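Working through the structure, step by step
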Amino acid sequence: MATPNPNWPLVEEAWGPYWQPYGGLISANRWSEITSRVRGTVSQNRGRQYELDQVRAGELRFSLDATDGVFDPSNAASPFAGRVLPMIPVRRRAQWPPTINRLSQGQATGGDVGGWPLGSLDFTSTQVASDTGTGSVATDATAYRGGRVLQFPVPSTATAGQRIVQTSEPAGEAGATYTVQMRVRNVTPGTTVQVKAHVGWYLTPAGAATAYAYGATTTLTGSATAAWTQITCTATLPANALAINVGASVAAAPAATVTVQVDEWQLEKNASASAWVQPGTWYPLYGGFIERWPQSWTDPKYALVNPVATDTFAAFSQLTLQGAFGQEVTARGLRFMYTLSDPQGSTVAADATGQCPPAIVTNSASGSASLTFGTQITSASAGGAYTGAPGTVCTITGQYPGSGLQGGLTYLSLSQGSVTGPANPAEWIRMIAFRWTGGAISPAANIWVCQDGNTNPSANSHTTLYLDSSGHLNLTVASPTTNAGTFAAYPATNLADGNWHLVVFGYSASSSYVVLSVDGSPNAFPAAPSTAAPTGLISDVIGGYVDPRLGNTAYYAWQGDLSYATEFQSSVAASIDSPALTTMYNAWKNALAGESTDSRYNRVLYWAGYNGGKSVQTGRTTAMGPAAAGTVLQLLQDIVTTEGGAHYVDRAGNVVFKSRADRYNATTSAYTFGDGPGELPYEPGFGTDFDLTRVANIVTAAQPGGQPFTARDSTSINQYFPHTATRTINSQSALEVQDAANYLLSRYRQPATRVTSLTLNPAANPALWPVCLSLELGMRVTVNRRRADGSLISLACFVENIQTDMARDTARWVLQLSPVDTTPYGLFASFHTSLNGSPAAGVTSITINAGADNTNPAAAQLGQGQQLVLGLGTANQETVTVQSVGTTTAGWTTAVITLTAATVSAHTAGDTVCEPLPAGVTDPTTWDNVAKFDAAAFSY
C-alpha cells in the first residue's frame, strides 16, 4: 500500500448511486468512491462576489476516466446501469493529516478523539450502529488505547450474522480491496461469545447490504479485565458495489448476554492489516448533486465524463412556489384542490394538483340557476376577506337559496368527474372557503354534500356541510348503519355574515371523531362512532343538496362565493391537528404575516420539500409581512434581505441561514493572513481597491408594495454625486424598514478599502491545509500587508466566495472578501459625566454637566428609580437614586437631578457621576470607543 504524502491531504471524491434523490438530502453514509477515476483539475465555487449580492448555487466540475463506459447513461452493461442519473448526490472531503485509516477519529479511537460525548452512541453524529443493542462510549482504565472504548450489548437472543458494530462510512470503491481490523473483548465474567470481523457491500439501491465477507471466528472469554483480541477481514468489493459496510459480527448465538468492547478500529485500502494509526480530521469540501453527465473523447478510445454538480440552491432556483395558503396546503399532501379560480365562462373547475378530473358545471333536474367564475374576492366588512391566496372565486346563486323549496340550481359535480366522495370513507379531511351573500336561511344552505343512492332514509349514507337558520356551520356524517350525528362548529357563531370563512371538516373511524374547524378553531375534534364511515357514495356536489335518488332534484341551495375545495390524502389526514388547522387558516387569511425571519425561512424550506441538513439561526426580525409566491431561492433571498443576514450552502451541503447579529457579533478573526511573523502566507498578486463600487448615499427601503422610507447623506452626495440603493424589507414594522435604510446608508455612504482577491497555496505551504480545508463562507478573517517602510495595512474582512482548484500536484484557494463595517455598531454603555458645582452633604438635588450626548434630553437618558454613583473612585463615593430629571433641550450643558434621599457626603466639582459599573470595572469610559453609531455617541 502506498504511504500517504505527508504534505497532501487524503482526498475522497464520491458519488451516491445507492441513494435516490430525496429533497436535497446529502447522506452521511453509503457512498461509492471514485477518486481513482478523477483526471485533471477539480474545481468548485461557492458564494457571491459582494456582500449585498445574491448567493449563487455552488458548483463542482471534474472529469472521470470513463473509457470502460461505467458512467455512460446509455450503457446497459455498466455495473451502474440505471443509476447514472441527474440529481445523484456527490461529495468531496479531505483528511488532514493524511493516513491510511479511512475511519473517523471517534470510530478509530473508541471515542477518545473526535469530541464524542460519553453515553449512548448517536448514529447521526458517529455513523456507528449495532444490530444487537444500543452502543455507547464508555470510560475504561484498561482500554486498549486511551481511556475510552465503544461498548455494545450482545443478548442471548442474538443470532449469527447480526452486526455487533458496523459503519457504512467512509465511501467504498467498487473493485477495490479493503482490510478492516479492530481490537475486541468480552467484559462479562463467566461468559463466552464468538465474533468475526466483516466487510459487506450494497448492490441494491436503498436496500440492505447484499453480501458479507468474514474473517476468522474468534472466541472471546469474558472477564472484567479480559485481554484484547485483534480481529481482521480482507475483501474485494464487487465491480457493481454501491457502498461498503465494515465492523464485527456475531459468529454464533451466545449462551448468555455479554458486553463486547471495541477499540483501535481501522479500515484501509489494502490486502492486509497494517499497523494502526489515528486518522486525521475529515473536512467536508463540497456536497451537492450531479446535474449533467457530458462525455468527451480525446481519441477514438479514451473517454472522459465531465460531470457538473450543483448544490441545493440550483434546484431552489428552478422550483416556483404558490402563494402561502396554496403552498401550506399542498405541502401536506392532497388528493385534489379545486381552487375555483377558473376563468370566466369556464364549464369545468380544474384540479390544481392534476390528480383528479375536472369538476363539471351541472344543472339540476329542477332547472338551471347561476354559477359564475372570475368573481373578485370581496367581503361585507373590512378585514372580512382573505389575502393569503391570490386569484378569483366562484359564485353560486340557486333559485331558492337557503330554502327547502325545490328549485333550479347550477352546481359543481365532482361525481361526474369520477370523484364520488372521499377516497377513504374511514379516514378523510376536506376543506373549503365560503362567503354567504344571501338573506335569511330557512332552514339550511348546503355547501358540500355527498350521498349514496339508498332510498331508505334510515339507511342513507351521506356527509353534509351546511349553514343552519342561525348561520351556524353544521356537519352530518352517516354510514348505511350508523348516523354519527350532526356537529356544530365551535365557536357556534353566525357565519352567514357576508364575510369569508375557511372550514376544515372530516371523519376518522380509527380515532372515533369528526373534524369541524372554522377559521383555525383548534377545538375541532368532537367524538363520533367508529362505524360511521360514509360508504357507497355516488354523488359529490358543491353548491346545494342534489338528490340522485330523485333524478338530481335540488334543495337547500347556496348563494355566495366559494373557493379552494380540497381533499387531503387519507394517509396524512391524521396529521391535520390543531396547530396545522391554525397554520393553514393563518396562511389563508393573511399569508402568515407576523412570522419571524427564521420561522419563515424554515417554512419555505418545508414548502420546497427540502429534506437535507440545515442550520437556521434565530432571526432578529420578529414580524415579517405576508409570504409571497416565487422561486424558492428568491423567497429565501427576500427573507435574508429583510433580516439583513446571510445564507448559503455549506461545505457539507447543508443549508445555512445567519441572522444579522452573526456578523456584528463576529468581533475577532478566525485567521490572520499576512506577510509578517506568525501570519498565514498568501500568494503574490494581492491587491486592494478603493472605489465607488458600493457607495450609496440615498437609500430607499420599502415594504413590498408599500410606503418607501429614505435615508440620505448630504456630505457623501456632495463628494461623490448621488448614488442610490433600494431594498425591499418585508417587515411589518415601518420603523424597522426605516432602520434598514439608515443602516445601509451608514454602511455604504463612504467607500471602503476592498481586497481584490486573496489566493492561498497549500501545496506550497502545507501548514495552510487545515486552514484552507476549514474555511467557510461568512467567516471573519484579517488580511495584513506591510508597506516598504514597514507600516501596516490591516483589513478585517468576511469571506464571501471560495474558489477551489485542485489537481495532482497543485492547489489554489481563491477568496473573495468584503470589508467589515467601517464604523462600529451602536452599543449600550454606561452613562457618565461630572458634577457641576460642589454639593454639600445632605442635599437632595445635584447639577451635572452634559455627557457625550447633549442632543437627546437628559430625561431620555436618566429615569426615575435609576441609580447613580457620585464621586467614583474618591473617598466620598456613594450611590444615590434619581427621583426626577429637570427639563433640558437640545444642546443642553447642565441638568438638575432630584434625588429620592439626601446625600451622605460632600462632593467636589468635576467628580465623576456614572451608572453603577459591573464587578471588576472601575473606569466608566471602558466602552466609549465602541459605544457609538457612526460619529455620534448616544445613551438611552
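Residues numbered from 1 in each chain as written. Predicted model: local features only at pLDDT ≥ 70, side-chain atom pairs only at ≥ 80, totals over all residues. Heavy atoms only, no water.

1. Observations concerning the environment of Ile377
The condition is simple: Secondary structure counts use DSSP, requiring at least four H or I residues in a row for a helix and at least two E residues in a row for a strand, with both numbered from the N terminus. Throughout, exposure labels follow a simple rule: accessible area from a 1.4 Å probe, protein chains only, divided by the maximum for the residue type, with under 20% read as buried, over 50% as exposed, and the rest as partly exposed.
Locating Ile377 in the fold gives a position in the loop between strand E25 (370–375) and strand E26 (393–397). Residue classification places Ile377 among the partly exposed residues on the basis of a relative accessible area of 23%. Here the alpha-carbon distance between Ile377 and Thr387, two residues 10 residues apart in the chain, equals 9.0 Å.

2. What to know about the sheet that holds strand E41 (residues 646–649)
Adjacent strands of a sheet form backbone hydrogen bonds with each other and so pair up, either parallel or antiparallel. Selection criterion: DSSP-based pairing: two strands are paired if at least 2 bridges between them are found. As a rule, the C-alpha atoms of each element are fitted with a line to give its axis, helices using only the stretch in contact, and angles between N-to-C directions run from 0 to 180 degrees. Pairs of residues are marked as contacts when any of their non-hydrogen atoms sit within 4.5 Å.
What the three strands build is an open sheet, ordered E39-E42-E41; its pairing is mixed. This sheet does not close on itself; its edge strands, each paired only once, are strand E39 (614–616) and E41. If you compare each strand with its neighbour and ignore which way they point, the axes differ by 10° on average. Alignment of E41 against strand E42 (residues 655–658), held across four bridges, turns out to be antiparallel. Pairing of His647 across the sheet is with Phe657, part of E42. Packing of helix H6 (residues 597–607) onto the sheet brings it into contact with E39, E41 and E42, and relative to E42 it is tilted by some 160°. Here helix H7 (residues 632–643) sits on the sheet in contact with E41 and E42, set at roughly 145° to E41.

3. Observations concerning the pattern of salt bridges
The condition is simple: In the sections that follow, a salt bridge refers to a side-chain nitrogen of Lys or Arg positioned within 4 Å of a carboxyl oxygen of Asp or Glu.
According to the stated counting rule, one finds 38 salt bridges in the structure shown. Taking the shortest distance from any N to any O, the salt bridge between Glu328 and Arg603 comes out at 3.1 Å. You can see Glu328 sitting in helix H4 (residues 324–330) and its partner Arg603 sitting in helix H6, a full 275 residues away along the chain. Since its relative accessible area comes to 18%, Arg603 is described here as buried. When the shortest N-O distance is used, the salt bridge between Glu595 and Arg603 registers 2.5 Å. Like Arg603, Glu595 is buried. Put simply, Glu328, Arg332, Glu595, Arg600 and Arg603 are held in one network by salt bridges that share partners.

4. Observations concerning the packing of H6 against H7
Definition in use: With respect to orientation, any angle under 35 degrees is reported as roughly parallel, any angle over 145 as roughly antiparallel, any angle of 65 to 115 as roughly perpendicular, and every other angle as oblique. Throughout, the ten residues Ala, Val, Leu, Ile, Met, Phe, Trp, Tyr, Cys and Pro are labelled nonpolar, Asp, Glu, Lys and Arg are labelled charged, and all others, Gly among them, are labelled polar.
Two elements in contact, H6 and H7, have axes separated by 10 Å at closest approach and are oriented at 175°. The orientation of H6 relative to H7 falls into the category roughly antiparallel. Of H7, the residues touching H6 (which contributes Thr597, Arg600, Tyr601, Val604 and Leu605) are Val632, Leu635, Leu636, Ile639, Val640, Thr642 and Glu643. Per-class residue counts for the contact of H6 with H7 are eight nonpolar, two polar and two charged.

5. Observations concerning unusual backbone geometry
A cis amide bond links Trp96 with the next residue in sequence, Pro97, at an omega value of -5°. Tracing the chain through its elements places Pro97 in the loop between strand E5 (88–96) and helix H1 (105–109). Cis geometry is adopted by the peptide bond preceding Pro443, which originates at Ser442 and carries an omega value of 5°. Relative to the elements of secondary structure, Pro443 occurs in the loop between strand E28 (427–436) and strand E29 (444–451). Of note in this structure, Met87 is not a glycine but carries a positive phi near 75°. Locating Met87 in the fold gives a position in the loop between strand E4 (56–65) and E5. Even without being a glycine, Asn552 presents a positive backbone phi close to 65°. Summarising the element assignment, Asn552 is placed in the loop between strand E36 (545–547) and strand E37 (553–555). Residue class for Asn552 comes out partly exposed when judged on its relative accessible area of 31%.

6. Some details on the confidence of the model for the protein chain
Heads up, the condition is: The predictor attaches a confidence to each residue, called pLDDT, with possible values from 0 through 100.
In this model, the protein chain carries a mean pLDDT of 94, and residues with pLDDT of at least 70 account for 98%. Long-range and interchain partners of residues 932–940, a stretch whose pLDDT sits below 50, account for 27 contacts in this model, where long-range means more than four residues apart.

7. A short note on the nonpolar core
Heads up, the condition is: Nonpolar core, defined: a set of buried Ala, Val, Leu, Ile, Met, Phe, Trp, Tyr and Cys residues in which side-chain atoms within 4.5 Å join the residues together.
Among the nonpolar cores identified, the biggest contains 84 residues, and Phe316, Leu760 and Trp813 are the most heavily contacted of them. The dominant element in this core, judged by the number of residues it contributes, is H7, at six residues. Core analysis: the next-biggest nonpolar cluster, separate from the first, contains 55 residues, Cys356, Leu371, Cys394 and Leu516 among them.

8. Side note on the environment of Thr347
One can find Thr347 in the loop between strand E22 (334–338) and strand E23 (348–349). For the pair Thr347 and Thr372, spaced 25 residues apart in sequence, the C-alpha to C-alpha distance is 9.2 Å. Once residues within four sequence positions are removed from consideration, Thr347 is found in contact with Ile360 and Val361.

9. Regarding the sheet that holds strand E52 (residues 832–834)
In space, the six strands of this open sheet follow the order E52-E57-E54-E55-E56-E53, with antiparallel pairing throughout. Every other strand in the sheet has two partners, leaving E52 and strand E53 (845–849) as the edge strands with one partner each. Adjacent strand axes in the sheet meet at a mean angle of 40°, parallel and antiparallel pairs treated alike. Pairing of strand E54 (residues 867–870) with strand E57 (residues 912–914), which is carried by two bridges, proceeds in the antiparallel orientation. Residue pairing in the sheet places Val869 in a bridge with Cys914 of E57.

10. Quick notes on the packing of aromatic side chains
Rules: Here the aromatic set is Phe, Tyr and Trp, taking the six-membered ring for Trp, and pairing holds for ring centres within 6.5 Å; pairs whose planes are under 30 degrees apart are stacked, those over 60 apart are edge-to-face, and all others are tilted. Two conditions define a charge sitting above a ring: the NZ of Lys or the CZ of Arg must be within 6 Å of the ring centre, and it must be within 35 degrees of the ring normal.
Evaluated as defined, the whole model comprises 31 aromatic pairs. On the basis of an interplanar angle of 75° and a centroid distance of 5.4 Å, the ring pair of Trp15 and Phe71 is categorised as edge-to-face. Here Trp15, found in strand E1 (residues 10–15), pairs with Phe71, found in the loop between E4 and E5; they are 56 residues apart in sequence, far enough to count as distant. Like Phe71, Trp15 is buried. Consider the rings of Tyr386 and Trp500, whose centres lie 5.1 Å apart with planes at 90°: the pair is edge-to-face. Residue Tyr386 is located in the loop between E25 and E26, and its partner Trp500 is located in the loop between strand E32 (483–488) and strand E33 (501–508); the two are separated by 114 residues in the primary sequence. Judged by its relative accessible area of 4%, Tyr386 is buried. The buried category is assigned to Trp500, whose relative accessible area is 2%. A connected cluster of aromatic rings, assembled from ring pairs, spans Phe336, Tyr338, Trp428, Trp448 and Phe505. Lying over the aromatic face of Trp282, Arg93 brings its terminal NZ or CZ to 3.8 Å of the ring centre. Looking at Arg663, its charged tip hangs above the ring of Phe798, at a distance of 4.5 Å from the centre.

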